Amino acid sequence: MIPKPGVELEFCPSASGFKSLRAMAYHPDTQAFYIPLNLSCEKGSFSEVQKVEGGGGAGGGRRTNLMHPESPDGIGEFLAMRAKTGEILWRHRTRTPPNTSALTTGGGLAIVGDWDRYLYVHDATSGKILFQTRMPTSVQGFPITYAVNGKQYLAIPVGTGGGQWGTTIPAELTPEKKIAQGGNAIFVFALPDTRR
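The structure reproduced in this document is the subject of the present report. Just so we're clear, the structure is a prediction, and the values are computed from it rather than from any experiment. (Residues numbered from 1 in each chain as written. Predicted model: local features only at pLDDT ≥ 70, side-chain atom pairs only at ≥ 80, totals over all residues. Heavy atoms only, no water.)

### Some details on empty space enclosed by the protein
Vacant regions in the atomic arrangement are exposed by a probe of water-molecule size rolled over the atoms. As a reminder, the rule being used: Residues are said to line a cavity or pocket when one of their atoms sits within 4 Å of a point; the points come from a 1 Å grid over protein atoms alone, cavities being sets where a 1.4 Å probe fits but cannot get out and pockets being open sets with protein on both sides within 12 Å along at least five of seven lines. Grid points are joined across faces, edges and corners, and a volume is the space filled by probe spheres set on the points. Helix and strand assignments come from DSSP, with helices taken as H or I runs of at least 4 residues and strands as E runs of at least 2, each series counted from the N terminus. Three classes are used: nonpolar for Ala, Val, Leu, Ile, Met, Phe, Trp, Tyr, Cys and Pro, charged for Asp, Glu, Lys and Arg, and polar for all others, with Gly counted as polar.
Tallying each qualifying case throughout the model produces one cavity of 30 Å³ or more. Surrounding the largest cavity, G76, E77, F78, H92, T94, P98, V112, D114 and Y120 form its lining. Going through the elements one at a time, β6 (76–82) and β7 (88–94) are the ones with two or more residues in the lining of the largest cavity. Broken down by element, the lining of the largest cavity gets its largest block of residues, three residues, from β6. In terms of residue class, the lining of the largest cavity is built from four nonpolar, three polar and two charged.

Shown next, in the form of structure tokens:
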């Protein structure tokens, strides 16, 4: 599809992207990518873009956000995909989109947080959710892990912001979901000494 000024198009993914800006992660043991995905479509029209130095842009116009036909109940997915073949190993769909980058650990974990305040810790091989908790506001940014005196920790930022995915699209497509405004913080969790 080639947009023309003022002509409405309906397309998937939306202009906000499928993979979007949330960074994916790679795990060398599983040889897989862990990818936060945004599942939505768009109906919209665009305006002319001036092609001059200092100009440009996306040609913003009218837009209506739509559910993706292959995911009518949610707009988020955390996907594990084998790097060499593209084979999907597992997927975890959520009502709202992932709002963090993915993080994998040497201990076999795959971690992501979503717009609806949930932090998920998956087994990187099976996709099984090993731990989940709901934070006081939207999980954001880049989770990190580190060790002190042999004890491993997970630090995760929460807060508001994040452009279209932090405001417009989830609010329009999942109106029953609300996030608390403000309350920016970093939460730190200690990982258990051994996995069960």
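So, next bit.
### A look at the state of the cysteines
Definition in use: Any pair of cysteine sulfurs within 2.5 Å is marked as a disulfide. We call a residue buried when its accessible area falls under 20% of the maximum for its residue type, exposed when it is over 50%, and partly exposed in between, using a 1.4 Å probe and counting protein chains only.
Using the criterion set out here, one finds one disulfide in the structure. Sulfur-sulfur distance for the disulfide between C12 and C41 comes to 1.9 Å. Disulfide C12 to C41: torsion about the S-S bond roughly 105°, handedness right-handed. Of the two residues, C12 is situated in the loop between β1 (9–11) and β2 (25–27) and C41 in strand β4 (residues 40–44); the sequence distance between them amounts to 29 residues. Taking the relative accessible area as the measure of exposure, C41 reaches 3% and is therefore buried.

The values are spatial; any link to function lies outside them.
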